[in-house]
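Survey of secondary and tertiary structure
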Amino acid sequence: MPLFFFPFIAMLHIASLTFSSPLILAPLAGYTDLPFRLLCRRFGAGYCVSEMISCHGLVYRQPNTLRMLRSIAEERPVSFQLFGAEPDIMEEAAKILMEFTPDMIDINMGCPVKKVTKKGAGAALMTEPKLAESIIKKVVNAVNVPVTVKIRLGKDKQQINAVEFAQMAEMAGAAAVAIHARTWAQGFTGSIDQQYIAQLKTALNIPVIGNGDITSHQAAQQMMQETGCDGVMIGRGALGAPWIFSNKTPPATLAEISKNALLHLDLLEEFLPAEKMLGYVKNQICRYFKGVYGCSFLRKEIFTANTLITIRQLLAANLAQNK
Ligand SMILES: Cc1cc2nc3c(=O)[nH]c(=O)nc-3n(C[C@H](O)[C@H](O)[C@H](O)COP(=O)(O)O)c2cc1C
């Protein structure tokens, strides 16, 4: 079948909200902080989802948790993602979250990481649909913003329940469902199975957001065309490549890439105590040069840098040299 791409893609609507693009930054623990979300919004992401936020951290008002909720007007609309497995605590956490005025709240029902699933949260909730339903209802009733749910295909290939689970979420009041088209058992291995995104779209009346393995703007458009989904969430494909949300040609030269890495560094310095988070900053900045021909030496130099100034100088030198 010949593929053709529309010159622009449709807007996304969730409940009464309208987003300028159907391409969304997926929640990524350790990455989707305010600086990165802001950068992705500047490149055209319709909205961005925060890192997952623990309901217990919120209820105990732990400073590290509350720090993750910083937002500014320019990044709006923003969605904050909650994770947890106890309906009453999720309800209380959602109420506290509202003090930070998110435009939407997402509930994590897809994370396969042991630390999360062993407590019954994340993807483990797909094996407990009654409990999941109770969580969704409690959160929906506790807030006055749209609540979305992020799921997987199911526990494993033998126990795929995405369609029934998503229908339950819709009935419980979810305003949209995002689906990472892998099973819990798959983790991040193997390939996604896109047919279930299409099945969800047919089965639900609320928007369906497809997710998994998208590494270019065109591939996102293709997922929308092939599955009929209303939006596409992009995670790893946006790391070191926030321009994935733009329909313009991606940066092709080392100078252009370095320029964007410098923009990211500026934002990290503006909004985070970056000097105290050198390892974190290096990890984010090195992403820009991962897989870029001839950049392994630069990555090494960034990783061994002892100060932010050194990182900035390395990037600036590459910008100048490669013009
Ligand atoms: C480093 C990392 C952190 C993640 N953190 C979260 C998270 O906090 N909440 C969540 O729902 N999913 C999380 N995910 C899953 C992603 O949101 C996404 O569903 C998955 O990576 C597949 O999309 P992708 O292929 O576009 O990356 C994370 C994935 C990665 C690789």
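For the structure, see preceding data.
As the structure is a prediction and not an experimental result, all values here were calculated from the model. (Residues numbered from 1 in each chain as written. Predicted model: local features only at pLDDT ≥ 70, side-chain atom pairs only at ≥ 80, totals over all residues. Heavy atoms only, no water.)

**Remarks on the packing of helix H10 (residues 254-271) against helix H13 (residues 308-321)**
To keep it simple, the criterion reads: For helices, the fitted line uses only the C-alpha atoms of the stretch in contact; every axis is such a line through C-alpha atoms, and the angle between N-to-C directions lies from 0 to 180 degrees. The secondary structure listing takes helices from DSSP runs of H or I that are at least 4 residues long and strands from runs of E that are at least 2 residues long, numbered from the N terminus. For classification purposes, an angle smaller than 35 degrees is called roughly parallel, one larger than 145 roughly antiparallel, one from 65 to 115 roughly perpendicular, and anything else oblique. Left-handed describes a crossing in which the near helix is turned anticlockwise from the far one by less than a right angle; the clockwise case is right-handed. In this description, contact between two residues means that some pair of their heavy atoms is separated by no more than 4.5 Å. Three classes are used, and their members are as follows: Ala, Val, Leu, Ile, Met, Phe, Trp, Tyr, Cys and Pro are nonpolar, Asp, Glu, Lys and Arg are charged, and the others, Gly among them, are polar.
Look at H10 against H13: their axes get within 8 Å of each other, and the N-to-C directions meet at 155°. What the angle tells us is that H10 and H13 run roughly antiparallel. For the pair H10 and H13, the crossing hand works out as left-handed. Contacts between H10 and H13 involve Leu254, Ala255, Ser258, Lys259, Ala261, Leu262, Leu265, Asp266 and Glu269 from the first element and Leu308, Ile311, Arg312, Leu315, Ala316, Asn318 and Leu319 from the second. Tallied by class, residues from the contact of H10 with H13 come to ten nonpolar, two polar and four charged.

**Re the state of the cysteines**
Here is the rule: Cysteine sulfur atoms are paired as a disulfide whenever they come within 2.5 Å of each other. Whether a residue is buried, partly exposed or exposed follows from its accessible area with a 1.4 Å probe, protein chains only, as a fraction of its type maximum: under 20%, in between, or over 50%, in that order.
Scanning all chains against the criterion turns up zero disulfides. For Cys48, which is in no disulfide, the shortest distance to another cysteine sulfur is to Cys40 and amounts to 5.3 Å. The thiol of Cys286 is not disulfide-bonded; the next cysteine sulfur, from Cys295, is found 10 Å away. For Cys286, a relative accessible area of 4% corresponds to the buried category.

**Observations regarding a positive patch on the surface**
Quick reminder of the rule: Without a salt bridge and with relative accessible area above 30%, a residue can belong to a patch; like charges are then joined within 9 Å and nonpolar side chains (Val, Leu, Ile, Met, Phe, Trp, Tyr) within 5 Å. All accessibility values rest on the Shrake-Rupley procedure with a 1.4 Å probe; residue burial counts only the protein chains present in the view. Each salt bridge in this description consists of a side-chain nitrogen of Lys or Arg and a carboxyl oxygen of Asp or Glu lying within 4 Å of one another. Think of it this way: Lys and Arg go in the positive column, Asp and Glu in the negative one, and His and the chain ends go nowhere. Charge positions come from single atoms, namely NZ of Lys, CZ of Arg, CG of Asp or CD of Glu.
On the surface, Lys114, Lys115, Lys118 and Lys119 cluster together into a positively charged patch. The residue Lys115 is located in helix H5 (residues 114-117) in this model. A relative accessible area of 64% means that Lys115 is categorised as exposed.

**With respect to the pattern of salt bridges**
Proximity of charged atoms lets side chains of opposite charge pair with each other. Counted under the stated rule, the structure contains 14 salt bridges. With its nearest N and O atoms 2.7 Å apart, the salt bridge here joins Asp88 to Lys138. One end of the pair, Asp88, is in helix H4 (residues 87-98); the other, Lys138, is in helix H6 (residues 129-142), and 50 residues separate them in sequence. Note on Lys138: relative accessible area 27%, which makes it partly exposed. Glu91 is the salt-bridge partner of Lys95, the closest N and O atoms lying 3.9 Å from each other. Of this pair, Lys95 and Glu91 both sit in helix H4, four residues apart, which is roughly one turn of the helix. Look at Lys95 and you get partly exposed, because its relative accessible area is 46%. For Glu91, a relative accessible area of 22% puts it in the partly exposed group.

**Topic: the sheet that holds strand S9 (residues 208-211)**
In sheet architecture, strand pairing relies on hydrogen bonds along the backbone and comes in two forms, parallel and antiparallel. Note the threshold: Following DSSP output, two strands are said to pair if at least two bridges run between them.
As summarised here, the arrangement of the eight strands in space is S3-S4-S5-S6-S7-S8-S9-S10, forming a closed barrel in which the pairing is parallel. The mean inter-strand angle of the sheet, taken between neighbouring strand axes irrespective of direction, is 25°. Of the pairings in the sheet, the one linking strand S6 (residues 104-109) to strand S7 (residues 147-151) comprises five bridges and is parallel in character. Bridge pairing links Met109 to Ile151 in S7. With respect to the sheet, H4 is in contact with strand S5 (78-83) and S6, its orientation differing from that of S5 by roughly 155°. Each of S7, strand S8 (176-180) and S9 is contacted by helix H8 (residues 195-203), which is oriented at about 175° to S9, the strand it contacts most.

**Let's talk about the site of the ligand**
Selection rule: The rule for a residue being near a molecule or strand is that one of its heavy atoms must lie within 4 Å of it. Two N or O atoms form a polar contact when they lie within 3.5 Å of each other; inside protein one atom must be a possible hydrogen donor and the other a possible acceptor, and for residues adjacent in sequence the pair counts only when both atoms belong to side chains.
The immediate surroundings of the ligand are formed by 17 residues, with Pro27, Gln81, Asn211, Asp213 and Arg236 found nearest. One of the side-chain nitrogen or oxygen atoms of Gln81 is found 2.8 Å away from a nitrogen atom of the ligand. Between the ligand and Gly235, the relevant distance is 2.8 Å, taken from an oxygen atom to a main-chain nitrogen or oxygen of the residue. Protein burial of the ligand: of its 610 Å² of free accessible surface, 89% is covered by the chains. In terms of residue class, the shell around the ligand is made up of eight nonpolar, six polar and three charged.

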